[in-house]
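Single-letter residue listing:
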Amino acid sequence: LNTCFRMPLRTMMLSSLRVVIILVLRLVCAAVAGSVPGPGDGLWRPIAPEAVGLDGPTLWKAANEVAADLPPRNCWAVIRGGFLVHEEYYGGAGPATKYEADSAAKTAIALVMGVAWTKGLFDLDTPLAVYGVKPLATFTDDPRSMQYWPLLTTRHVLAQASGVGQWPPGKNFTYSSGNGIQHLERLLAVVTGSEDTTLWATENFAKPMGVPGLFIADGPQLSAGGGQLVSCRCLARIGQLLLNKGAWKRADGEGFELVSERYIDMMTSPSIPSLTAGYGFLLWLGFPGPTAKNVYCRWGSTPGCGAIVEEPTNFYKLDRRMYLAPGWMGKLLIVFPDDDLVVVTLGNTAVASARCDMRYHTSLSGDDSYTFLVVFSRLRETLRLAAPAQSLAVQNSSVAESMPEHPKQDLSLGPLAHGDASPTAPAALGAPADVAVAQGRGSCTCNCAPTQGFGSCFVAPLGATGDEDCKDFGSFAGPLCPLVGLVQECETYNLTALQLNRAAAHAGPGAGEVLDACSPASQDGSMECHLVRGCEGGKSPLGLETYSTACVCQTKWVACTYASSPCIAADPYTPLVPLPLGGLTHETSSGISRTDAGGWESAAVLTFGAFALVSLIVVSKVGRVVSPLSAERDGTDDLSAVAYAQF
């Protein structure tokens, strides 16, 4: 295919026979190009699951079970044969609703680098210093770390083996979402000759992929650590490009090489086999077989919960190859290359396993691998019944074009229904007057819990100088955050006496204590939690491989930080939130209300403020949704230059 796309047609210099041969080859190439699966730079086309060898009821059942296992979910999408075969949305969301992808978007960054590599802009094994890339703080904070800088290559960074300035590159798995991985963006700036790496990535990757707004919130410097705003459909395109081995197609159906097949092969293979078998280029890998040494991403300092764990055996009994792109709080892209299948689910769920137990830590531990196991276990029946991928004969047929959009199954949690996990710029509320007031005033930024990258921004009180002056905003910002889910595996493993002692040091209960996923979040009173599933009997009544207790929490208050700079109304992560008439009120111990202006008002204003707050909360429960019509306007599933609505 690559040869076809690059073949020069020098008709004046060739014999008639050779001209005929080349024309025939070009016709063959056109036929092949037209069969490149996926939406190209247009919309996904829906099709019935049965048309691509999947059992519809089984697939629908799996989606419902995942939504119940990992509450709250935002969306779910399944792709096969390049078609959208199933999707679900919850809590008022829709196909165009975006969420912060966190580390799941790292895989898209690896593909952006793949585009640049395919263009011949850099070599994977040439040290970054040779290109003139300057080291970031990771390699400059400690003078001793500079001895490693001349050794660092792009392959090391893509393999998460940079050493982050503390170890020799390529010798340790050093997962990074900060300066370590941001060296990829610095390399891109040097080899493209543009400091606006976001623009380069948009023109050369996002637009051809049909998601022109993928990096819209990054600023001029591409965020290599992820965190972009995505929909389920958007993330599914990343999975489809991996299935296509880098081939994509334009609006006219013509196929082309977006990323080199050779690069995709390297990306989906162990990047440094001597270091780990379970990680490619910003992509987790899963392998079948009893001796497969799969890597499990677990975060925390509790026993059995190191940052990265490589099991000597196939701990989760994987029976097929897969690529995984997990993100903080239950975001997940799974690609099954041998089944021609892509599955995406996004949510706002902290997930912990028996080996990575949130009860043993005052902050939330997390086990992204258990999130995957929950989803995979619910998909096993669908995969078992699926027709072999090689037998699929569906192409760009009229069947696909005639299929209606799938109905949305509303599995929201009633009064606990959640909003969009990625607050976006409140164009309707960010009136000029609000922005004008912010000029010359500092800001109070209140990020949602737990340690989320989004939240709200408020104009700081007059005379504010530090975080203490912002604390009153915490109880206003907290309820505006989306619901938080806490999931803890019910099964417990036998821990050694030493491990139990270490666990006790983390102020956790004994291993035999009844599990309650709500307890970790309820310790400081910042959340109001409701148990939606217990651990009756401690084992799955259905004999499933996963069985968890689940809790859903509404944030009551969050911590806020002061900055001397004003809020930015159009910030998609922490937008400026206007206050109710009369300003923010906070009842003091004397019963008097303090307003944002720094003066004192009557209790009547407090009553109004409470009413306005309740009204905002109620409206926010509809979901921070952008109209899908705006996506249809530019012919993509993505939102680019359209206004977002927060409430």
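Here the residue index of a chain counts from 1 through its sequence in written order. For this predicted model, a pLDDT threshold of at least 70 governs which residues receive local features, and a threshold of 80 or more governs which side-chain atom pairs are given and counted, while totals over whole chains, interfaces and linings are taken from all residues. Only hydrogens and water are set aside when side-chain values are computed; all heavy atoms of the structure are taken into account.

Asker: Explain the overall build of the protein to me, please; I cannot follow it from the model alone.
Answerer: A count of helices and strands for the protein gives 16 helices and 23 strands. Relative accessibility under 20% of the residue-type maximum defines a buried residue, over 50% an exposed one, and the middle range a partly exposed one, all with a 1.4 Å probe and only protein chains included. The buried share among the 647 residues of the protein stands at 56%. Pairs of residues are marked as contacts when any of their non-hydrogen atoms sit within 4.5 Å. Summarising the internal contacts of the protein: among those between residues at least 6 apart in sequence, 70% fall at separations of at least 24. Residue burial considers only the protein chains on display, and all accessible areas are found by Shrake-Rupley using a 1.4 Å probe. Accessible surface computed for the protein: about 25,700 Å², of which carbon and sulfur atoms make up 59%. Numbering of helices and strands starts at the N terminus; helices are DSSP runs of H or I of at least 4 residues and strands are runs of E of at least 2.

Asker: I tried to follow the sheet that holds strand S13 (residues 349-352) on my own but got confused; where do I start?
Answerer: Where strands meet in a sheet, backbone hydrogen bonds hold them as pairs that are either parallel or antiparallel. Strand pairing is assigned whenever DSSP identifies at least 2 bridges connecting the two strands. The sheet built from 4 strands is open, its strands ordered S13-S17-S19-S18 with mixed pairing. Each end of this open sheet is capped by a strand with a single partner; those strands are S13 and strand S18 (527-533). The average angle at which neighbouring strand axes cross in this sheet is 20 degrees, direction not considered. Lines fitted to C-alpha atoms define the axes, with helix axes restricted to the stretch in contact, and inter-axis angles between N-to-C directions lie between 0 and 180 degrees.

Asker: Please explain the state of the cysteines as it appears in this structure.
Answerer: Where two cysteines share a covalent bond between their sulfur atoms, that bond is called a disulfide. Disulfide: a pair of cysteine sulfur atoms within 2.5 Å of each other. Under the criterion given, the structure shown has 6 disulfides. Here Cys-448 pairs with Cys-481 through a disulfide, and the sulfurs are 2.1 Å apart. Linking Cys-448 and Cys-481, the disulfide has an S-S dihedral of approximately -90 degrees and is accordingly described as left-handed. Here Cys-448 is found in the loop between strand S15 (443-447) and strand S16 (455-459), whereas its partner Cys-481 is found in the loop between helix H13 (474-477) and strand S17 (484-489), with 33 residues between them in sequence. Considered together, Cys-448 and Cys-481 belong to a single accessibility category, that of buried residues. Covalently, Cys-529 is tied to Cys-553 through a disulfide, its sulfur atoms 2.2 Å apart. Handedness of the Cys-529-Cys-553 disulfide follows from its S-S torsion of about 105 degrees: it is right-handed. Of this pair, Cys-529 sits in strand S18 while Cys-553 sits in strand S19 (residues 548-555), and the two are 24 residues apart along the sequence. Judged by relative accessible area, which is 19%, Cys-529 ranks as buried.

Asker: Whenever I open this one, the pattern of salt bridges confuses me. Can you help?
Answerer: Should their charged atoms come close, side chains of opposite charge can pair. Take a side-chain nitrogen of Lys or Arg and a carboxyl oxygen of Asp or Glu: if they are within 4 Å of each other, that pair is a salt bridge. Enumeration according to the criterion identifies 18 salt bridges in this entry. Note that Glu-254 and Arg-250 form a salt bridge whose closest N and O atoms lie 3.9 Å from each other. Given a relative accessible area of 41%, Glu-254 falls into the partly exposed group. A relative accessible area of 39% places Arg-250 in the partly exposed class.

Asker: How should I be thinking about the packing of aromatic side chains in this particular structure?
Answerer: Any aromatic ring pair is given by two values, namely how distant the centres are and how the planes are angled relative to each other. Stacked, tilted and edge-to-face are the three classes assigned to paired rings of Phe, Tyr and Trp, where Trp is represented by its six-membered ring and a pair needs centres within 6.5 Å; plane angles under 30 degrees give stacked, over 60 edge-to-face, the rest tilted. Throughout the structure, instances matching the rule amount to 11 aromatic pairs. Considering the side-chain rings of Phe-336 and Phe-376, the 6.2 Å spacing of their centres and the 25 degrees angle between planes classify their relative orientation as stacked. Note that Phe-336 is positioned in strand S11 (residues 331-336) and Phe-376 in helix H10 (residues 368-385), a separation of 40 residues in sequence. When the ring of Phe-458 is compared with that of Phe-476, the centres are 5.5 Å apart and the planes differ by 80 degrees; the resulting orientation is edge-to-face. Of this pair, Phe-458 sits in strand S16 while Phe-476 sits in helix H13; the two residues are 18 residues apart in sequence, bridging distant segments of the chain. Take Phe-458 and Phe-476: they sit in the same class, and that class is buried. The structure contains a cluster of three or more aromatic residues connected by ring pairs, namely Phe-173, Tyr-175, Tyr-279 and Trp-284. Consider the ring centre and the ring normal. A charge sits over the ring if Lys NZ or Arg CZ is within 6 Å of that centre and within 35 degrees of that normal. Over the ring of Phe-256 we find Arg-250, and its NZ or CZ is 4.3 Å from the ring centre.

Asker: Can you walk me through helix H8 (residues 232-243) in this structure?
Answerer: Given a rise of 1.5 Å per residue, 12 residues ought to cover 16 Å, and the 17 Å separating the end C-alpha atoms of H8 matches this to within 8%. Within the sequence span of H8, burial applies to Cys-232, Arg-233, Cys-234, Leu-235, Ala-236, Arg-237, Ile-238, Gly-239, Gln-240, Leu-241, Leu-242 and Leu-243. A positive phi of about 55 degrees marks Lys-245, the residue just after H8. Each residue after the first adds 1.5 Å to the expected span of a helix.

Asker: Explanation requested: the sheet that holds strand S1 (residues 73-80) in the structure shown.
Answerer: Taking strand neighbours across the sheet as the criterion, the 6 strands line up as S2-S1-S12-S11-S10-S7 in an open arrangement whose pairing is antiparallel. What marks the edges here is a single partner per strand, and that holds for strand S2 (83-89) and strand S7 (284-286). Across the sheet, the mean angle separating the axes of adjacent strands is 15 degrees when strand polarity is ignored. By the bridge criterion, 7 bridges tie S1 to strand S12 (residues 341-347) in an arrangement that is antiparallel. Residue pairing across strands places Ile-79 opposite Val-342, the latter belonging to S12. Taken strand by strand, H8 contacts S1, S2, strand S10 (322-327), S11 and S12, and its axis lies near 150 degrees from that of S12. Strands in contact with H10 are S1, S10, S11 and S12; relative to S11, the strand with the most contacts, it is inclined by about 45 degrees.

Asker: Got a minute to help me understand the pairing of S15 in this structure?
Answerer: One face of the sheet, then the other: side chains in a regular strand alternate in exactly this way. The sheet contact formed by S15 and S16 spans 5 bridges and is antiparallel. Of the residues in S16, the one forming a bridge with Asn-447 is Gly-455. Sheet topology places S15 next to strand S20 (residues 560-563); 4 bridges connect them, and they run antiparallel. From the neighbouring strand, Ser-443 faces S20, where its bridge partner is Ala-563.

Asker: How should the environment of Glu-50 be read in this particular structure?
Answerer: Mapped onto the secondary structure, Glu-50 falls in the loop between helix H2 (16-34) and helix H3 (56-69). Taking the C-alpha atoms as reference points, Glu-50 and Ala-387, separated by 337 residues in sequence, lie 9.4 Å from one another. Apart from residues no more than four positions distant in its own chain, Glu-50 is found in contact with Asp-55, Gly-56 and Pro-57.

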